[in-house]
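# Coordinate inspection notes
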Amino acid sequence: MRGSSRRPRLKSVAAQIFVLQWAIVVLLVATGDTLLVLQARHADVQGARDRSLAVASGFAKAPGTAAALRTSHPTAVLEPQALSAQRIAGVDFLTVLDRDGVRVTDPRRNLIGTHAAGDLRRGLSGQSYTEHFQGPPSNAVRAVVPVVAPDGTVVGLVTAGLETTTVAGAFNRGLPVLIAGAVGALALATLGAALVSRRLSRQTHGLGPAEVTRMYEHHAAVLHSVREGVLVFDGDRRLVLANDEGRRLLDLPPDVESRPVRDLGLPPETEGLLAGGRETSDQVVRVGDRMLAVNVRPTGRDGGPPGSVATLRDTTELRALTGRAEAARRRLELLYDAGVRIGSTLDVVRTTEELADLAVPRFADAVTVDLREAVLSGQEPQADPRPAMRRVTARDAVAGHDPEPVGGVVAHPPGTPQARALAEGHAVLATGDGEPGGSLICVPLRARGVVLGLTTFLRRRQSPFTDEDLSPAEELAARAAVCVDNARRYTREHTMAVLLQRSLLPHGLPEQHALDVAHHYVPARTGAGGDWFDVIALPGERVALVVGDVVGHGVHAVATMGRLRTAARNFCALDLPPDDLLAHLDDLVTAIDQENTLAGGQEETISGATVLYAVYDPVTGGCALAGAGHPPPALVAPDGTVSLLDVPANPPLGLGAATVEMCELTLEEGSRLVLYTDGLLRGDGRDTGRGLELLCATLGRAGPGCAATRDAVSAAMIPASPRDDAVLLVAGTRRLGADRVAQWEVPQDPAAVAPARAACMRQLAAWGLDDAAFAAELILSELITNAVRYGQPPITVRLLRDRTLTCEVSDGAGTSPRVRRASALDEGGRGLFLVAQFAQRWGVRYTTNGKVVWSEQPLG
């Protein structure tokens, strides 16, 4: 070793590894930084393009932009808006051009009225695009978006963008960070390589490759000279190395290297011990006429090759001790099996049954387990020297022996071994107690310093218990106590979650005549989850159906479900179309996650929330649907044909979907719309595809009626103990008859108000609604007058007679009326105030062609 220390450092294994590592790291850092610089430059330019296009598109499509360009003074209207939008969006310029390319607005006022540079023909042809513009007044990344009038003609252009100096400035500001990161990475890598080299140097003592080879040769010589057998196996349980003593003890042939353990001709017990790879200490096995103590240690824990090393010692002279060794082995196996088998579920009673099943007959002839009442109900047990207990489990290897019936209350009188064990807090051994010739061990079940119950082990036929049996009995009970306590706490949380879940789900369905609804909800066996549904009555006799799913179980999933259901009902009150409602829910989930993140991550984020929202109109039979990551609904036609609706695929809530798509279809009267959560599909371990096939087949066989359909699907697809929540909602469609609907088109002429009002009054008289005529006449007069005076054609009046009288006046304007209080001298301003006074409720909903102002009056 002293001779090797005088050699040049670079000749050692550690020095060579250091140089190689450092060279590789330098190459990787240089390559990575180059790629990062190119990526950052590309990302800045692409970000400028995206922002410019978004700002230009938003301003070009803003209400009033196209109309302002057709006025005689568009600059006066658009310039303040353009400057405000430019400032909010953070772009360097936002300019509006007319069809001739003349600037109508510009942040540089001296350029207003001048022609914009560049080729704008693509924009005038109706195409939106981005470009890297070079020319006056400055080089920039800009977007050009046409302004399209309602008749489809291009009336102007909107350009927005960032100057090249702005984009370059953002990139230059980030460049020092990249350089500092590269320097830091190189320094860190150098330090890491030095540490590795230093550790390797200590392990190899600064030796060179040739010296390391000689050292391993010396080790091999020592290995084959020791009087203890050594066997080395690789990860595939093939023999890699066997020293001379190992070959002698196992009578191995000369060419055993690379053979699997099963081909070595060993006894089954020895073969299983060596092939298992499990850590073993001094386990005695018989090989021929020898008794061998075997030690097995797995390798690969510190990054080395996987496998195991076994050492063998000849302990033939210790045959007298094999009985005790065998007993110890059985105890160890018992405790090992206890760790695997006890606590496989979060059920209190099942955990005690697993303890009894394990102990009988391996450890005792009979086992009983008594638990406190509070533990069974999931409550926190209080300190009590003589707690009341109930027998929950009894196992006996001998038929006909059952000390106490399961389920009964058990009393342990003072002086009994059970009472002593509870009072002293540890295991008690009693011989001769109970039946003649029997012995028992009573062990209290303790967790966190509190007694949860009592376990009694009884032997009648086996040899009586000894003091050596106290330790395994206590370990069995300790393992069971921890599992029982975990199950108890889970029971308490599960009970709370189920109560909260049921309090947040609908307690009843709203009164409505559009749909015949049947529903079914089943919580998971592991706890209430985030599945939910809702049925919401909307104006115009329409009904909304909602089904949602928050991934996970427990109180957090239930609370999240409640927040989403409340938000959905609130958005329904705004009468939003399905796509807008889901977009609002997506924004809400994103905002909640951001709040939780800013709060330091103390609350879980909402991940995997899905929802399906549908609105059915009984007047037209139309149904609008939109989904966010949810399984598609099924439709059963009146003739029994089953199909899955092709609802546009949108991502789950909280992922920031740019747009939400919806679909609209017309449903025949008597159709059944089936909504559900994925817990219905995945029952009994099915995948989603198999679940959809089973659902369609079951719907095809189900009898008529929503209740029959619900019962058939529930029986076929929901197991008795489901792993996940399941919601099933079946809605049968009805139509509002033509004799209950009246509709008129009204010209935009003040003189047309009176005839329209009179026609409505005649219809109310024909329906026999004279009691509601006065209020309806006042309401219709105000709504029709407002539509004629302030709205846009077409103007339509519609009356619906169902559970209420609904008056609807629609027009093509998108402006919303509002209630205001008129002063004593005002001539107007009281119309909507009167409508709000006489109607049970009223509101406004927006359509693709304008708006509908509606009111409802109670009937009967």
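Here the residue index of a chain counts from 1 through its sequence in written order. With the structure being a predicted model, the display of local features is reserved for residues of pLDDT at least 70 and the display and counting of side-chain atom pairs for 80 or more, all residues being used for whole-chain, interface and lining totals. For side-chain calculations, the full set of non-hydrogen atoms in the structure is used, while hydrogens and water are omitted.

### Focus on the pairing of strand β12 (residues 389–396)
As a general feature of sheets, a regular strand has side chains that alternate between the two faces. For strand β11 (residues 366–372) and β12, the ladder comprises seven bridges, and the chain directions are antiparallel. Each bridged residue has a counterpart across the sheet, and for Arg372 the counterpart in β12 is Met389. What makes two strands pair is DSSP finding at least two bridges between them. The secondary structure listing takes helices from DSSP runs of H or I that are at least 4 residues long and strands from runs of E that are at least 2 residues long, numbered from the N terminus.

### A closer look at the packing of helix α20 (residues 753–766) against helix α21 (residues 773–790)
When two helices pack together, their arrangement is captured by the angle between the axes and the distance separating the axes. Interaxial distance between α20 and α21 falls to 10 Å at its minimum, and their mutual angle equals 150 degrees. Comparing the axis directions of α20 and α21 gives the class roughly antiparallel. Handedness of the crossing formed by α20 with α21: right-handed. Within the contact between the two elements, α20 uses Val753, Ala756, Arg757, Cys760, Met761 and Leu764 and α21 uses Ala773, Ala776, Glu777, Leu780, Ser781, Ile784, Thr785 and Val788. When grouped by side-chain class, the residues that make up the contact of α20 with α21 number 10 nonpolar, two polar and two charged. Convention adopted: a line fitted to C-alpha atoms gives each axis, helices being fitted over their contacting stretch, and angles between N-to-C directions are expressed from 0 to 180 degrees. Comment on the angle field: the value is read as roughly parallel under 35 degrees, roughly antiparallel over 145, roughly perpendicular from 65 to 115, and oblique elsewhere. The sense of a crossing depends on the near helix, which, turned anticlockwise from the far helix by less than a right angle, makes the crossing left-handed and, turned clockwise, makes it right-handed. Whether two residues are in contact is decided by their heavy atoms: any pair within 4.5 Å suffices. Residues are grouped as follows: Ala, Val, Leu, Ile, Met, Phe, Trp, Tyr, Cys and Pro are nonpolar; Asp, Glu, Lys and Arg are charged; all remaining types, including Gly, are polar.

### What to know about the sheet that holds strand β19 (residues 543–553)
With antiparallel pairing, the five strands of this open sheet are ordered in space as β18-β19-β20-β21-β24. Two strands bound the open sheet, and with one partner strand each, they are β18 (529–537) and β24 (663–666). Direction aside, neighbouring strands of the sheet carry axes that sit 15 degrees apart on average. As defined by bridge partners, strand β21 (residues 622–628) adjoins β24 across four bridges and the pair is classed as antiparallel. Paired with Gly622 across the strands is Thr666, a residue of β24. Lying on the sheet, helix α15 (residues 555–573) is in contact with β18, β19 and β20 (610–616); it crosses β18 at an angle near 20 degrees.

### With respect to the nonpolar core
In globular proteins that are soluble, nonpolar side chains generally tend to be buried together. As used in this record, nonpolar core signifies buried Ala, Val, Leu, Ile, Met, Phe, Trp, Tyr and Cys residues forming a set joined through side-chain atoms within 4.5 Å. Exposed residues in this analysis have more than 50% of their type's maximum accessible area, buried residues have under 20%, and partly exposed residues fall in between, with area computed by a 1.4 Å probe over protein chains only. Counting residues in each nonpolar core, the largest one holds 51 residues, and the members touching the most others are Leu545, Leu582, Leu585 and Tyr613. Ranked by residue count, the leading element in this core is α15, at seven residues. Those residues in contact with Leu585, other than ones at most four positions away along the chain, are Leu564, Ala567, Ala568, Phe571, Val611 and Leu653.

### Some remarks on the layout of surface pockets
Of the voids in this model, the largest pocket is the one considered here, and its volume is about 940 Å³. What lines the largest pocket is a set of 34 residues, among which Asp617, Glu664, Arg845, Tyr846 and Thr847 lie closest to the centre. Of all the secondary-structure elements, those providing two or more residues to the lining of the largest pocket are β20, β21, β24, β28 (795–801), β29 (804–811), β30 (841–847) and β31 (850–858). The element contributing the most residues to the lining of the largest pocket is β29, with four residues. Here the residues of the lining of the largest pocket are counted per class, giving 15 nonpolar, 10 polar and nine charged. Any residue with an atom within 4 Å of a point lines the site, the site being either a cavity, points on a 1 Å grid over the protein atoms alone where a 1.4 Å probe fits but cannot get out, or a pocket, an open set with protein on both sides within 12 Å along at least 5 of 7 lines. Grid points are joined across faces, edges and corners, and a volume is the space filled by probe spheres set on the points.

### Describing the pattern of salt bridges
Salt bridge, as used here: a side-chain nitrogen of Lys or Arg that lies within 4 Å of a carboxyl oxygen of Asp or Glu. In this structure the tally under the stated criterion is 36 salt bridges. Across the pair Glu131 and Arg142 runs a salt bridge, and its minimum N-O distance is 2.6 Å. On the criterion of sequence distance, the pair formed by Glu131 in strand β3 (residues 129–133) and Arg142 in strand β4 (residues 140–148) is long-range, its members being 11 residues apart. Looking at Arg142, the relative accessible area reads 6%, which means it is buried. Linking Glu777 and Arg757 is a salt bridge whose minimum nitrogen-to-oxygen distance equals 3.9 Å. Here the residue Glu777 occupies a position in helix α21, and Arg757 occupies one in helix α20, the gap between them amounting to 20 residues. Salt bridges here are not isolated pairs; linked through shared partners, they connect Arg350, Glu353, Glu354, Asp357 and Arg395.

### Points about the packing of aromatic side chains
Between the rings of Phe, Tyr and Trp (Trp by its six-membered ring), a pair exists once the centres lie within 6.5 Å; its type follows the angle of the planes, with under 30 degrees stacked, over 60 edge-to-face, and the other angles tilted. Taken as a whole, this structure holds three aromatic pairs when the rule is applied. Taking the centre distance of 5.4 Å and the plane angle of 90 degrees together, the rings of Phe363 and Phe457 count as edge-to-face. Of this pair, Phe363 sits in the loop between α11 (348–359) and β11 while Phe457 is found in strand β16 (residues 450–459), placing the two residues 94 residues apart along the sequence. Judged by relative accessible area, which is 3%, Phe363 ranks as buried. With a centroid separation of 5.4 Å and 40 degrees between ring planes, the pair formed by Phe363 and Phe465 is classed as tilted. Linking Phe363 in the loop between α11 and β11 with Phe465 in the loop between β16 and α14 (470–504), this pair joins segments that are 102 residues apart in sequence. Each member of the pair Phe363 and Phe465 is classed as buried. Put simply, the rings of Phe363, Phe457 and Phe465 pair up and form one aromatic cluster. Put simply, a charge is over a ring when the Lys NZ or the Arg CZ is close to the ring centre, within 6 Å, and near the line of the ring normal, within 35 degrees. It is Arg122 that lies over the ring of Tyr129; its NZ or CZ is 4.0 Å from the centre. Residue placement shows Arg278 over the ring face of Tyr336; its charged tip is 5.7 Å from the ring centre.

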